[in-house]
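Chain and residue survey
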Amino acid sequence: MTILLLAGITAFARQASEERLQVVSPEIHNDNRVTFRLWAPQATCVQLTGDCLPARQVQTSYGLEEQAGVVDMVKNAEGVWEYTTPRPLEPELYSYYFLIDGARITDPRNVHTIRDVAVVASVFIIGGGRADLYRVNDVPHGTVSRLWYDSPALGMRRRLTVYTPAGYEEGGGRYPVFYLLHGTGGDEEAWITLGRATQIMDNLIAQGKAEPMIVVMTNGNTVVEAAPGESSAGFIIPTSDQPGMRDGSFEMSFPDVVNFIDTHYRTLADKRHRALAGLSMGGLHTKNISREYPDLFDYAGIFSPGIPPSPKVDSPIYEQVEEKLAIQFEKRPACYWIAIGKTDKRYRENKDYCQMLDEKGYPYTYMETEGGHTWRNWRIHLSAFAPLLFK
């Protein structure tokens, strides 16, 4: 009891000290430079890392990859560590965290966080330009719902996230549907949190740049029911490596999702009013699903697509690929759209795929952005692809 009392007193004293010092973090200055602060008087080394810093090249098993930069912070006489970006930050949604003597923590003075697989980071937005699409602006807002559906193909109930545009609940009209897929380690929450899909769609629709549409965000990990902590598995630790991600089972079961949405929502249930897009693993899934079911989707958006699995994978999805692709393009999809960052770790494989499409005379639209295999790029890709749909 005494130990618990002392611990409580210590925690209270720490909070009181921070408030007395008026520690503000992050502080966004008028010129868009940003100051980060952390009160840690006993620490010997405090560092800042995040995509608000210049990226660094790191050698991994995939080759050279871009990772967030790391900088040392400086401690003042009151035990507050501080770092100010030397230049203004461009408009963007940024994520960061601190390293205290090597231990990673979020910013205790910033309550806004997001989870990417098993890493939780603090976030802030520098407004202006495209970043205004990521903000909650004074526009009509859509509704986000989490629902459970039966998947006979997988033999389980599964969870998905559905965005309905402003006015859907009050009206009686039917809407086109955009299916939006996450990458490795993601789940049905990823596009809502990391991708800012709700804000992007609200703002694009309000500006008249995108048609009002239903957006469906699925869970591409077929061995789980839902995102970590949202299923009967309990508070499991998120991981990037799970079975059932690239074995074809998600693609084969995808008509279960389409059937559920068409049954439970007021949809325009035909190919001309369905779109599909995804990032990384979701980009691979998009290629496979749109090829396997050429009469389901008229639009395919492939963002930084992941590479196919080894030839050892036994699935109809990876059989007669060239023949299925020929049939898909014979049916003249309204838009086949490919986007990737210039320093993306999948850049070479992506260019090879584009070369193959060129050689076969299959039409597509291509977009390159700065940077690598990051959510910063995928938010840009979504913002550029959604306005093309259902025109």
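Above this text is the structure in question.
This text gives an overview of the structure that appears in the document. What you see is a predicted model, and the numbers here were worked out from it, not measured in a lab. (Residues numbered from 1 in each chain as written. Predicted model: local features only at pLDDT ≥ 70, side-chain atom pairs only at ≥ 80, totals over all residues. Heavy atoms only, no water.)

Looking only at helices and strands, one finds eight helices and 20 strands in the protein. Taking 2.2 N^0.38 as the reference for a compact globule, 391 residues should give roughly 21 Å; the C-alpha atoms of the protein span a radius of gyration of 23 Å, in line with that estimate. Projecting the C-alpha coordinates of the protein onto the three principal axes gives extents of approximately 70 × 45 × 45 Å. Counting the 391 residues in the protein, one finds 50% classified as buried. Sequence-distant contacts, at least 24 apart, represent 72% of the contacts inside the protein between residues at least 6 apart. Just so you have it, the protein exposes about 18300 Å², and 52% of that area is on carbon and sulfur atoms. Each charge class in the protein can be summarised by its mean position, and for the 39 positive and 48 negative side chains these summaries are 2 Å apart. (Helix = DSSP H or I, 4+ residues; strand = E, 2+ residues; numbered from the N terminus. Rg over C-alpha atoms; globule rule 2.2 N^0.38 Å. Buried < 20%, exposed > 50% of the residue type's maximum accessible area, 1.4 Å probe, protein only. Contact = heavy atoms within 4.5 Å. Areas by Shrake-Rupley, 256 points an atom, 1.4 Å probe, with all protein chains shown as cover. Lys, Arg positive; Asp, Glu negative; His and termini not counted. Charge placed at Lys NZ, Arg CZ, Asp CG, Glu CD.)

Right, let's talk about empty space enclosed by the protein for a bit. A complete count under the given rule lists one cavity of 30 Å³ or more for this structure. Of the pockets and cavities examined, the largest cavity occupies roughly 40 Å³. In terms of lining, the largest cavity is formed by Lys271, Ser290, Pro294, Phe297, Asp298, Tyr299, Ala300, Gln328, Pro333 and Cys335. Residue composition of the lining of the largest cavity, grouped by class: six nonpolar, two polar and two charged. (1 Å grid on protein atoms, 1.4 Å probe; cavity = no way out; pocket = protein on both sides within 12 Å on 5 of 7 lines; lining within 4 Å. Points joined across faces, edges and corners; volume = space filled by probe spheres on them. Nonpolar A, V, L, I, M, F, W, Y, C, P; charged D, E, K, R; others polar.)

For the rest of this paragraph, the subject is the sheet that holds strand β2 (residues 34–39). Spatial strand order, β1-β2-β8-β7: four strands in an open sheet with antiparallel pairing. Edge positions in the sheet fall to β1 (27–28) and β7 (74–75), since each of these pairs with one other strand and no more. In the sheet, β7 pairs with strand β8 (residues 80–84) via two bridges, with the strands oriented antiparallel. For lysine 75, the partnering residue across the bridge sits in β8 and is tryptophan 81. (Pairing = 2+ DSSP bridges.)

In this section: the environment of proline 228. Mapped onto the secondary structure, proline 228 falls in the loop between β16 (214–217) and α4 (249–264). Expressed as a C-alpha distance, the spacing of proline 228 and proline 387, which sit 159 residues apart in the sequence, is 32 Å. Ignoring sequence-local partners within four residues, the contact set of proline 228 consists of Arg115, Asp187, Gly234, Ile236 and Pro238.

Attention now goes to the pairing of β2. For β2, the tally of buried residues reaches six of six residues, placing the bulk of the element in the interior. Burial of β2 is two-sided: the residues Val34, Phe36 and Leu38 facing one way and the residues Thr35, Arg37 and Trp39 facing the other way are all buried. Across two bridges, the pairing between β1 and β2 is antiparallel. Each bridged residue has a counterpart across the sheet, and for isoleucine 28 the counterpart in β2 is valine 34.

Glancing now at the sheet that holds β16. The strands that make up a sheet are held in pairs by hydrogen bonds between backbone atoms, and each pair lies either parallel or antiparallel. Strand order in the open sheet made by the eight strands is β13-β14-β16-β15-β17-β18-β19-β20, with mixed pairing throughout. Unpaired on one side and paired on the other, β13 (143–151) and β20 (365–369) mark the two borders of the sheet. Here the average twist between neighbouring strands, direction ignored, is 20°. Its contacts with the sheet place helix α3 (residues 197–206) against β13, β14 (156–164), β15 (177–181) and β16, and it is angled at close to 35° to β14. (Axes fitted to C-alpha atoms, helices over the stretch in contact; angles between N-to-C directions.)

Attention shifts here to the pattern of salt bridges. Oppositely charged side chains can form a pair if their charged atoms are brought close together. Summed over the entire model, instances satisfying the criterion amount to 19 salt bridges. In this structure, the salt-bridge partner of glutamate 92 is arginine 379, at a minimum N-O distance of 3.3 Å. Linking glutamate 92 in strand β9 (residues 92–100) with arginine 379 in helix α8 (residues 375–385), this pair joins segments that are 287 residues apart in sequence. Each of Arg146, Arg159, Glu188, Glu189 and Glu230 takes part in one network of salt bridges that share partners. (Salt bridge = Lys/Arg side-chain N within 4 Å of Asp/Glu carboxyl O.)

Let us look at the side chain of histidine 273. Residue placement: histidine 273 occurs in the loop between α4 and β17 (274–279). According to the relative accessible area criterion, histidine 273 is buried, its value standing at 13%. Apart from residues lying up to four places away in sequence, histidine 273 is in contact with Pro176, Val177, Leu268 and Phe390.

Let us look at unusual backbone geometry. Cis geometry marks the peptide bond from serine 25 to proline 26, where omega comes out at -10°. Mapped onto the elements, proline 26 comes out in the loop between α1 (2–21) and β1. Positive phi outside glycine occurs at asparagine 32, with the angle close to 70°. With respect to the secondary-structure elements, asparagine 32 resides in the loop between β1 and β2. Phi angles above zero are rare outside glycine, and phenylalanine 390 is one such case at about 60°. Along the polypeptide, phenylalanine 390 turns up in the segment after α8. Exposure remark for phenylalanine 390: the relative accessible area of 11% places this residue in the buried category.

The next point concerns the packing of α4 against helix α5 (residues 281–292). At a minimum axis distance of 9 Å, the contact between α4 and α5 shows a crossing angle of 55°. Between α4 and α5, the crossing angle belongs to the class labelled oblique. Here α4 and α5 pass one another in a crossing that is right-handed. Seen from α4, the contacting residues are Phe250, Glu251, Met252 and Phe254; seen from α5, they are His285, Asn288, Ile289 and Glu292. (Parallel < 35°, antiparallel > 145°, perpendicular 65-115°, else oblique. Left-handed = near helix turned anticlockwise from the far one by under 90°.)

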